[in-house]
Amino acid sequence: MTIGRIAFLGSGETSLAGGRIFESLARLIPAPLRIAILETPAGFELNASLVAGRVAEFLKSRLQNYKPVIDLVPARKQGTEFSPDNPEILKPLLQANLIFMGPGSPTYLARQLRGTLAWDIIRARHRLGSTLVFSSAATISVGAWALPVYEIYKVGEDVHAKEGLNLFSDFGMNVSFVPHWNNAEGGIDLDTSRCFVGLERFEQWRKLLPAEHIIVGLDEHSGVIMDCEKDVCDVHGISSVTVMKNKSMKIYPTGANFSLSELGDCAKPAPLESGIRAEVWEMINNISSEEDPPPEVLTLLGQRKQVRANKDFAESDRLRDEIAALGWVVQDSKDGQKLAKI
């Protein structure tokens, strides 16, 4: 089974640059395109659904040629009806082939998702080929260590490090991510680079991390797409991506690519290994077997039946391939045509 791609954006998920990154990913995903957007990063806000909804509206328009099915997943807070452990609200994740998390609070997101059913499903879907996209706060939260931006920049707490969701621990890698790397909103009076905390406080935070730790900085309206199968990272957007290791720093401009090994030795986990609960795999298998073919697949199947009756086997093969592109395989038998989910 092919492990999915992972994309990180420094900011601008609904910008022109962000749209181009989403489109480059959608182009590589077999139809039908099913997108799940989690509300968790901004789950503490009263308008969490609006934050995620704006991204959904953008993707609906930007990716209209791919006819995406887009679901909002209101997994906002543990211990409530909208919990990341509530299997009913997580159902869209079970079939999603593109999963997105974006703006909000990095530490809130890490706290709410850590050890939950939602986080296990996201990791499982990725191992089964789904693409993961993280922007802004979510970019920070999925690293090994989370930069507590709000706590330092807004609340005034001393510089400290908090544990992130550590997605790459499944691959034996120790990586953290910092978006808004080149932010300049503070003008000449206030350094707001390094995700608003400024270079001085960023260096303080970096010294709190293990010496061998790797940090990836993402400029605004820029991002990187990691292909775990091809062992390559491609830089997209309008600026650059920075990789910091110990005493070295490399800057990769848009259009460049570098080996995934620059971020550590990537050991790809087998799907059923590395701490994902068995019930998650069972949930994914069950929903796949229960799924009904969509109307467009049934229409193509009817057309194929007719052309086979007319002995137009070239057209029959073409329709079979079109059905396969929608995620279904046609099985011919003496009893006629049968559909099975790929």
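This report concerns the structure included in the present document. Quick caveat, the model's predicted, so the values are computed rather than measured.

Calculation criteria
- Residues numbered from 1 in each chain as written.
- Predicted model: local features only at pLDDT ≥ 70, side-chain atom pairs only at ≥ 80, totals over all residues.
- Heavy atoms only, no water.
- Pairing = 2+ DSSP bridges.
- Helix = DSSP H or I, 4+ residues; strand = E, 2+ residues; numbered from the N terminus.
- Right-handed = clockwise from strand over helix to strand, strands pointing away.
- Axes fitted to C-alpha atoms, helices over the stretch in contact; angles between N-to-C directions.
- Left-handed = near helix turned anticlockwise from the far one by under 90°.
- Contact = heavy atoms within 4.5 Å.
- Polar contact = N/O pair within 3.5 Å; in protein donor to acceptor, adjacent residues only side chain to side chain.
- 1 Å grid on protein atoms, 1.4 Å probe; cavity = no way out; pocket = protein on both sides within 12 Å on 5 of 7 lines; lining within 4 Å.
- Points joined across faces, edges and corners; volume = space filled by probe spheres on them.
- Nonpolar A, V, L, I, M, F, W, Y, C, P; charged D, E, K, R; others polar.
- Salt bridge = Lys/Arg side-chain N within 4 Å of Asp/Glu carboxyl O.
- Buried < 20%, exposed > 50% of the residue type's maximum accessible area, 1.4 Å probe, protein only.

## A look at the pairing of strand β3 (residues 69-73)
Two faces make up the sheet, and in a regular strand the side chains alternate between them. Judged from the five bridges that link them, strand β2 (residues 34-38) and β3 form a sheet pairing that is parallel. Counterpart to L38 in the pairing with β3 is V73. Crossover handedness for the path β2 to helix α2 (residues 48-62) to β3: right-handed.

## Some words on the packing of helix α1 (residues 16-26) against α2
At their nearest, the axes of α1 and α2 sit 11 Å apart, and the two run at 65° to each other. Handedness of the crossing formed by α1 with α2: right-handed. Where α1 approaches α2, its residues L16, G19, R20, F22 and E23 are matched on the opposing element by F58, L59 and R62.

## Observations regarding the sheet that holds β3
Strands sit in the order β3-β2-β4-β5-β1-β10-β11-β14 across an open sheet of eight strands; the sheet is mixed. Strands at the two margins of the open sheet, each flanked by one partner only, are β3 and β14 (257-259). In this sheet, adjacent strand axes meet at a mean angle of 20° when their direction is disregarded. Relative to strand β5 (residues 131-135), strand β4 (residues 98-101) runs parallel, the two being bridged by four bridges. Its bridge partner being in β5, F100 is matched across the sheet by V133. Of the strands in this sheet, β1 (6-9), β4, β5, β10 (222-227) and β11 (232-237) touch α1, which is tilted by about 15° from β10.

## What about the side chain of S105?
Counting through the fold element by element, S105 comes out in the loop between β4 and α4 (106-113). Within the structure, S105 has its side chain in polar contact with the backbone nitrogen of Y108 (distance 3.2 Å). If we skip the residues at most four places from it in the chain, S105 touches P41, F44, A137 and Y150.

## Remarks on empty space enclosed by the protein
For the structure shown, the criterion picks out one cavity of 30 Å³ or more. For the largest cavity, the calculated volume is near 70 Å³. Breaking the lining of the largest cavity down by element, the ones donating at least two residues are β2, α2 and β4. A total of four residues in the lining of the largest cavity trace back to one element, the largest contributor, which is α2. Tallied by class, residues from the lining of the largest cavity come to eleven nonpolar, one polar and one charged.

## Overview of the sheet that holds strand β9 (residues 214-218)
Ordered by their spatial adjacency, four strands build an open sheet running β8-β9-β12-β13, and the pairing between neighbours is mixed. Of all the strands in the sheet, just β8 (175-178) and β13 (248-253) have a single pairing partner and so form its edges. Taken pair by pair, the neighbouring strands of this sheet meet at an average axis angle of 20°, ignoring direction. In the packing of helix α8 (residues 198-207) onto the sheet, the strands contacted are β8, β9 and β12 (240-245), and the crossing angle to β12 comes to about 45°.

## What about the pairing of β11?
Two elements, β10 and β11, share six bridges in a ladder whose sense is antiparallel. Bridge pairing in β11 places M226 opposite C233. What sits between β10 and β11 in their antiparallel hairpin is a turn of four residues, with D231 showing a positive phi close to 60°. For β11 and β14, the ladder comprises three bridges, and the chain directions are antiparallel. Paired with D234 across the two strands is N257, which belongs to β14.

## Focus on the pattern of salt bridges
Scanning the model with the defined rule gives 16 salt bridges in all. Two residues, R123 and D170, come together in a salt bridge whose shortest N-O distance is 2.8 Å. Placement of R123 in helix α5 (residues 117-127) and of D170 in the loop between β7 (162-163) and β8 is noted, with a sequence separation of 47 residues between them. The burial state of R123 is the same as that of D170; both residues are buried. The partner of E262 in a salt bridge is K245, with the nearest N and O atoms 3.6 Å apart. Residue E262 is located in the loop between β14 and α9 (278-290), and its partner K245 is located in strand β12; the two are separated by 17 residues in the primary sequence. For K245, a relative accessible area of 25% translates into the label partly exposed. Bridged by salt links that share partners, the residues D120, R123, R127, D170 and R277 form one connected network.

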